[in-house]
Each structure stands twice: as C-alpha cells, then as structure tokens.
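A look at the structure
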Amino acid sequence: MGLYSYLLISIIIFTIGVYGIITQRSGIKILMCIELLLNSANLNLVAFSSFNGNATGQVFALFSIAIAAAEAAIGFAILVALFRLRDTINLDNINILRW
Amino acid sequence: MFSDFAALIVLLPVIAFVLTLFLGKKLPHGGAYLPIAAIAGSFIISAGIFLEIYPEGIVQQSIPWFSSGSSTMNMGILIDPLAIVMLLMVTFVSLLIHIYAVGYMSHDPAKSRYFAETSLFTAAMLSVILSDNILQFFISWEVVGVCSFLLIGFWYHKPSAAAAAKKAFLVTRIGDVLFLAGIVMLYVELARIIENPANAFEIGSGNFILQFKTMFEAIPLIDKTQLTYITLLFFGGAVGKSGQFPLHGWLPDAMEGPTTVSALIHAATMVTAGVYLVARTFPMFAATPDTISHGVPDALLVVAYIGGFTALFAATMGLVMNDIKRVLAYSTVSQLGYMMLALGTAGAVLGSKAVGISMFHLISHAFFKALLFLCAGSVIHAVGTNDIREMGGLFSKMKITAVTMFIAALSLAGIGIPFLNIGTAGFFSKDMIIEGAFEYGEVTGDMIPYAFAVIAALLTSIYIFRLWFMAFTGKPRSERHSHESPSVMTIPLMILAVLALFFGFSHTGFYGYVESNFELMGVDLGVHEGEPFHPSVIVILLPVIVGVVGFLIAYLIYNKRILDMSKIISSQNPLYKLLYNRYYEPKIGADLIGVKLTHDVAAQTGEFIDRKIIDGLVIDTIISSTIFKIGEVIRKMQTGVVQNYASITILGVALLLVLLRLEFGGI
C-alpha cells in the first residue's frame, strides 16, 4: 500500500466526480459530484503529506474541507431557492442565462 | 534680484486664478482682491526688472521641456526691451481695470468667475510676452484666445453674447491655424538647416530650436521663398488676433462682454498680441525678399497694406455706429491697423526703428483706449444703455468721466502742438507713424499707405468727437437718472487720463530703448537705415490739422447742428447703408461663409458622406453585417446549460495537460 494506491483511489473518485458533473441533470447530484472532486483532492493532499512527512498538506486539507462545507451550504441554498421559484432542480430547465 | 523671480510674473496671476475660481464665492467682492494683489505683484516685479536691466540688459532663462527626435523644445523667459515695455503696460493697465471692475461688476452675481477668468487672461497674456520661443508663445496665445471666448460669452444666457463668443473663437481660429502652419513650416525648415552639414549651423548650448534667438540666427540660411510663406502665415495669425481685415468682424461683436472685458482684452492687451507677434519676429519679416516692390520686403509690404487699409476701413464704420462700445471697437481695429502700418512702412525704410514707433503707439493706445472703454463703462453703468442716441447732456452729471473721456479723445485724435513738442500721447505716437508712412512714400514712390493713414486720422477724429458730443453735450434724450460712478471707478480713469496726456513725453527715450532690442539680441537686421529724415512743414502739420478739422466737423454737426443729419442717416442713402451694415461683413462672414458655404455645402456634404456612404454603405452593409453574422453563429456557444460549460472546462484542462506534457516532457 504505497503512495500509488492512494493516488489511484483519488483518480477513481475524481473521474467519477467528473463523469457525474457532465452526465447528471439534477442539481443536487452535481453538487455531490463536486464534493467528490474536492475530496479526491483532499485525499491527495493527505497522501502526499504523509509521504513527505510534512504536516502542511494536512492543514491544507482541513482548510479545503471547511471551504467545501461553505460551498455546499451556498449551493444547496441556491437549489432550495430555485426549487421554490421554478418547482424543479433539473439544470436542463434552468438555462435562461444564454443567447 | 528681481530677475530671479521673473517666472512669478506669470505664476502669480495663475495662482490667483485657481484661488479665485474655487474660493472666490466665499470672499468679499467675489475674491477680487486676489487677482488685484497678484497683478500688482507682477507689476512690481516687472518694474523691478526694468530698473535692473535698463538700458541694455536682457533676462534669459530657459529649461528643456521635451525632446522630439533630435531637437529639444524648451520653456523659457526672455525679457528684452520689447518685452519689458509690454509687461509694464499689460500689468499696469490690467491692474487698473481690475480695480475699476470691483465697482463695475459689483452687482453681478457671477463676479468671482469674472475675476478668475480675467486673472487667467492676464497670466496668459504675460506668458505670451515673456515667451522666449515660438511654441510657448503659441500655447499662451491659444490660452489668451480661450479666455477671450469665456469673457465675451460671460453673460452666456444672452444669445447674442454666446453667438459673439463663438464668432470670436472661430474667426481667430482661422488666424491661429495659419500661425500654427507657419510654426510647423519654420520647424521643418530649421531642422533641414541643422541636418545639412554644409550649413555648419549649430544650436549653442543652452539654446533650443524654436527659440527666437535660434530663429533669428538661422534667417540667412532659410530659403527666401519659404521665409516669405512663414512670415505671411505668422501675419495671418496676427491678422486674426488683432482684428485686421478680413478677419476683423469678431472684434466689434466682442463688445457683448462686460465693458471691463472690452477695455482689458479688446482694447488694451489681447488684441495687441498680433502686433507684438509681428514686432517680435520682425527680423524675419525684414529679411523676406523684395519681389513686388523694389527695396521693400514682401512680408512688410503686405503688413503695411493690410494695416493701412484696415485703419481706414474700420474708421469709416466707426463713423456711423450708434453703440458707444462698437464705435470704440472699430476705433481699436483702426488703431491696430496703424500699428501694423507702422511696422510695414517704417520697417521697410527705417529698419528696427519701426518696432519702436509701433510699440509706442501700441502702449499709448493701450492707455487712451482703456480709458475710453472705462469711461464708456462708467457712462453705461450710469445710464443703463449702450446707445449714444439715448444719451446726451451727461457733462453736468458726470464731470470726471466727461473730462477724462475728452482727454482720451484728444489723445486718440492725436491733438498736440507740433514744433513745441507738446501734446497728448496719441499726438507723438500717431505723428511718428504718419511721418514714417510719408518717408516710405518718399523712398519707394508709393504714397498709398500714407494716404490711408492721413484719411483714417481725419475719420478717427470725427468719430471720436461725434461720440463725445453726442454723449455729453446737448439735451438729455432720455429720462434716465444718471449719476457719477463711485471713486473705485473714477480713480483708475484719472490715472489713465494722466498717462494719456503725459506718456507722450517719454518718446525719445522710448524709441531709443525699444529700437535697441534686436541689437541686444545680436541680430543684424540688414535693413537699409534711411538718411536722417527732415520732412517738410506740411507733413509735420498735416496729422494735427486733420485731427483739428475732424474735431471741428464733429463740433459743428453734433453740437451746433448746422447740418441735419437725419436726412443723411436714412435707409435710402446707399453709402450710409453700406457703412451701417458694416460692409455686409456679418452677412458675408456669418451668413454666406458660415451658413451657406460651411453649413449648407460643406457640412451637408460631410453629413451625406458620413451617413449614407460611410455609415450606410461601408458600415451597414459590409462591416456591420459581417460582424453580425459571425456573432449569430458564435453566440450559439452560450447554451445556458451548466454541463456544457463544465465539459468545455474539463476538456480545456485536459488539453493544457497534454500541451504541458508535449512542451516540457513532464507534468
């Protein structure tokens, strides 16, 4: 179980997240996929931190988690507001910001 | 000691301008004391410098300003005799007029703006005078023009004032463009001379390319035809600024401004800038070739004829005007014509003496014309109208104004006693001009400028005494309650009256001092210095005789009324109509050239080309529609679907990674 195993898991989680963002239509699912991306990054940070014997990466990960929480709160708030307004959170229907 | 502070002569009024503009409203009298103090300071410094450098000193200070190619422009100060006499006159007259304006403008709600603008004007004019290079001269000249525009349109809510301001600006602009073209041509010519090693011409250290000193040194190397063009273009600028024919029309219209503005700008100081320009660059005018008349440089011939013609032409219109200020405005145009005439005729035969003669008339004119305008202002202040037909009988009510105005009229008409050398300022100055024109006629056989000068002198005397008799004698022609002006207004009148009477006695010293100007600058004028001049008795007497005859004609017609003028003054008399309509100059200038040619033909064509061809054809059908079509296609990229944006972002990142890999061989 060297560094590579962690990086492999991180890549898998990241890819799932990207796939989800591109394919999913539900706003909540997309937000969850964004969380996956962030967590794959966190995993990388912690893995490299442990590998290098340096605590900086773990501190970064803590920051990142805190920011992810804030971002999720804002994202869900927007979705709630959208749902009240339009009765849907299907992003295909929320596309008036265009030509 | 004083010459170290020469820059303050300009800077003090500039500071006063800024302070008055922003703080004037909060100060008593609209902050009038700031410009008065500043200009008094300028006057004291000028006087101090004069005492220091008299009789043959020069103050020169120069710093580099910017470089363009291999040549460096500079800013600097040059105080030579020519400049110092102008400095003293401008600061002194400006000071008196500012003091007078405290009384005259006391009821005006916008007086702080007035004082700020006149202060800036004074600064600009002083900067014109002090410039040691033609570029700074031109810039200051333009600032003067802007101030003139602002002050003519001071009562901008009056449509006639706004129109007059616009006219003044546009008409003088014609001259300014010519002047600028002359500067450009001169620069090109100078640069060519310096680049050519065969000329072995170098600008000394501490000197710069467009300095007057460099210009004069380069005169022998300048191509003669080019020199004629350059000087004539300069003269074009002077024609605009000094209201010479055919660009004279703006000056009488400029009387829409407050009377103090007329006195300051359109009589005493600004309009003389044109004469000053010709005097300043006189060595260049004198060096032009004599292709038209033998022995007379072409440029000076043009100056003499334009000046002489203007002197006569404007005087004829002065005869019939009923607006007190308009009579004086035509008088100013006419007197400026005299100054040009002096530069042209005397310049051709007497060399640098012409500068002395012209400047002496310029300065005595500044005194008596400022006085005339201030008296007119005092009258207008008292009776509330500009129309001399509604005045009359004011002598008993306004003694000081009447007497000082009479003195000014005597000076303008050039009344004095020949042979005893007693007379008003105008007597000495105008006499010299007319005698100079006579000698020009003797030498060249061309008596036309002399005839212009003598006839104009007769008309001058008639119109100014007509004005005086109509305003101050006879019965009051209206029921207005008139009174003498307050002492803040009458004291400047008295000071100017003293100068208009006695300034003439400084003439011998003045001529010698100003004549030495170009020698002090090390310029060889190369003009034939005539034999000592001994005109016959009749030539000496003639200017005074025509002056007295003019006075008598005016006295008999307008005071004794031996002639019923109402028969002559009728719309049937074609001559009267021609004069009263100002030779149809407003019609030709404003209506034909301004409206018909410029607006109807040029502007309409421009509009057609712009709207129909450029906008319609080129832009609408070619450029605009192409861009529009491209936009139609590209804007489809903005789908509004979040996933599309996310996909593109991810693709972009992937692409970047690939590129990094290719470029640097590693991630």
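Residues numbered from 1 in each chain as written. Chains lettered and ligands numbered in written order. Predicted model: local features only at pLDDT ≥ 70, side-chain atom pairs only at ≥ 80, totals over all residues. Heavy atoms only, no water.

This paragraph deals with the overall build of chain A. Along chain A, the regular secondary structure elements total three helices and zero strands. For chain A, the α and β elements follow one another from N to C terminus as α-α-α. In terms of C-alpha radius of gyration, chain A reaches 17 Å, well past the compact-globule figure of 13 Å for 99 residues. Along the first, second and third principal axes, the C-alpha atoms of chain A reach 50 × 25 × 25 Å. For chain A, long-range pairs separated by at least 24 residues make up 56% of all intrachain contacts whose partners lie at least 6 apart in sequence. (Helix = DSSP H or I, 4+ residues; strand = E, 2+ residues; numbered from the N terminus. Rg over C-alpha atoms; globule rule 2.2 N^0.38 Å. Contact = heavy atoms within 4.5 Å.)

What follows is about the nonpolar core. The biggest cluster of nonpolar side chains holds 212 residues, and the ones touching the most others in it are Ile79(B), Phe234(B) and Met359(B). Of the residues forming this core, the biggest block, 21 residues, is contributed by helix H15 (residues 353-383) of chain B. Among all residues touching Phe234(B), those that are not within four sequence positions of it are Ile134(B), Phe179(B), Gly182(B), Ile183(B), Leu186(B), Met215(B), Leu277(B), Thr281(B), Met284(B) and Phe285(B). Among the nonpolar cores identified, the runner-up in size contains twelve residues, and Val18(A), Ile30(A), Leu79(A) and Ile94(A) belong to it. (Core = buried A, V, L, I, M, F, W, Y, C linked by side-chain atoms within 4.5 Å. Buried < 20%, exposed > 50% of the residue type's maximum accessible area, 1.4 Å probe, protein only.)

What follows is about the pairing of strand E2 (residues 71-79) of chain B. Residue and element names in this part refer to chain B. Among the nine residues that make up E2, seven are buried, leaving the element largely enclosed by the rest of the structure. Inspection of the sheet shows strand E1 (residues 59-68) paired to E2 by nine bridges, in the antiparallel sense. Paired with Phe 66 across the two strands is Met 73, which belongs to E2. Two successive antiparallel strands, E1 and E2, enclose a turn made up of two residues, where Gly 69 displays a positive phi of approximately 65 degrees. (Pairing = 2+ DSSP bridges.)

Glancing now at the environment of Lys612(B). All names here are of chain B. Here Lys 612 lies in helix H25 (residues 585-634). Residues Lys 612 and Ser 364, spaced 248 residues apart in sequence, show a C-alpha to C-alpha distance of 57 Å. Those residues within four positions of Lys 612 in sequence are excluded, and the remaining contacts are Glu 607 and Leu 617.

So, on to the interface of chain B and chain A. On the side of chain A, 13 residues touch chain B, which itself brings twelve residues to the contact. Of the roughly 970 Å² buried where chain B meets chain A, counting both sides, 61% is carbon and sulfur surface. Counting the surface chain B buries against chain A, the share from its top three residues, Gly640(B), Gln643(B) and Ile650(B), is 45%. Viewed at the interface, chain A and chain B are joined by zero salt bridges. The interface formed by chain B and chain A contains one residue pair in polar contact (both at pLDDT 80 or more). Considered class by class, the residues forming the side of chain B that touches chain A number five nonpolar, five polar and two charged. (Buried area = accessible area lost by both parts, 1.4 Å probe. Salt bridge = Lys/Arg side-chain N within 4 Å of Asp/Glu carboxyl O. Polar contact = N/O pair within 3.5 Å; in protein donor to acceptor, adjacent residues only side chain to side chain. Nonpolar A, V, L, I, M, F, W, Y, C, P; charged D, E, K, R; others polar.)

Time to look at the packing of H15(B) against helix H19 (residues 487-502) of chain B. Residues and elements named next belong to chain B. Where H15 meets H19, the closest approach of the two axes is 9 Å, and the angle between their N-to-C directions is 150 degrees. When the axis of H15 is compared with that of H19, the two are roughly antiparallel. Judged by the twist between their axes, the crossing of H15 over H19 is left-handed. Within the contact between the two elements, H15 uses Phe 367, Phe 368, Ala 370, Leu 371, Leu 374, Cys 375, Ser 378 and His 381 and H19 uses Met 489, Leu 493, Leu 496, Ala 497, Leu 499 and Ala 500. (Axes fitted to C-alpha atoms, helices over the stretch in contact; angles between N-to-C directions. Parallel < 35°, antiparallel > 145°, perpendicular 65-115°, else oblique. Left-handed = near helix turned anticlockwise from the far one by under 90°.)

This part is about empty space enclosed by the protein. Space left empty within the atom packing is revealed by a probe, the size of a water molecule, rolled over the atoms. All told, the structure shown has three cavities of 30 Å³ or more when counted by the stated rule. For the second largest cavity, the calculated volume is near 40 Å³. Each residue belonging to the lining of the second largest cavity can be placed in one class, and the counts come to three nonpolar, two polar and two charged. (1 Å grid on protein atoms, 1.4 Å probe; cavity = no way out; pocket = protein on both sides within 12 Å on 5 of 7 lines; lining within 4 Å. Points joined across faces, edges and corners; volume = space filled by probe spheres on them.)

Below, the discussion takes up the pattern of salt bridges. Oppositely charged side chains are able to pair whenever their charged atoms sit close together. All names here are of chain B. Following the criterion strictly, the structure yields eleven salt bridges over all chains and no others. Between Asp 253 and Lys 167 there is a salt bridge, with its nearest N and O atoms 3.0 Å apart. Remark: Lys 167 occurs in helix H6 (residues 159-195) and Asp 253 occurs in helix H9 (residues 250-253); sequence separation between them is 86 residues. Judged by its relative accessible area of 12%, Asp 253 is buried. Taking the relative accessible area as the measure of exposure, Lys 167 reaches 16% and is therefore buried. A single network of salt bridges, built from pairs that share partners, joins Glu 142, Arg 173 and Asp 176.

What follows is about the packing of H15(B) against helix H20 (residues 507-515) of chain B. Residues and elements named next belong to chain B. Between H15 and H20, the least distance of the axes is 8 Å, while the angle of their chain directions is 125 degrees. The orientation of H15 relative to H20 falls into the category oblique. Judged by the twist between their axes, the crossing of H15 over H20 is right-handed. On the side of H15, the interface is formed by Lys 353, Val 355, Gly 356, Ile 357, Met 359, Phe 360 and Ile 363, while H20 contributes His 507, Phe 510, Tyr 511, Val 514 and Glu 515. For the contact of H15 with H20, the class distribution of residues is eight nonpolar, two polar and two charged.

Turning next to the domain arrangement of chain B. It is common to give the size of an interface as the accessible area that goes away when the parts come together. The domain architecture assigned to chain B consists of domain 1 (281-580) and domain 2 (584-664). Centre-to-centre, using C-alpha coordinates, domain 1 of chain B lies 60 Å away from domain 2 of chain B. (Domains from an automatic or database assignment.)

Turning our attention to the side chain of Lys369(B). Residue and element names in this part refer to chain B. Note on placement: Lys 369 falls in helix H15. An unpaired buried charge is present at Lys 369: no salt bridge exists, and Asp 323, the closest side chain of opposite charge, is 13 Å distant. At 2.8 Å, the side chain of Lys 369 and the side chain of Ser 331 are in polar contact. Here Lys 369 is in contact with Ala 267, Leu 328, Ser 331, Thr 332 and Gln 335, once residues within four sequence places are set aside. (Lys, Arg positive; Asp, Glu negative; His and termini not counted.)

Taking 1.5 Å of rise per residue, the 20 residues of helix H17 (residues 425-444) of chain B would be expected to cover 28 Å, and the 29 Å separating its terminal C-alpha atoms lies within 8% of that figure. Looking one or two residues past H17(B), Gly445(B) carries a phi angle of roughly 75 degrees, positive in sign. (Expected span 1.5 Å × (residues − 1).)

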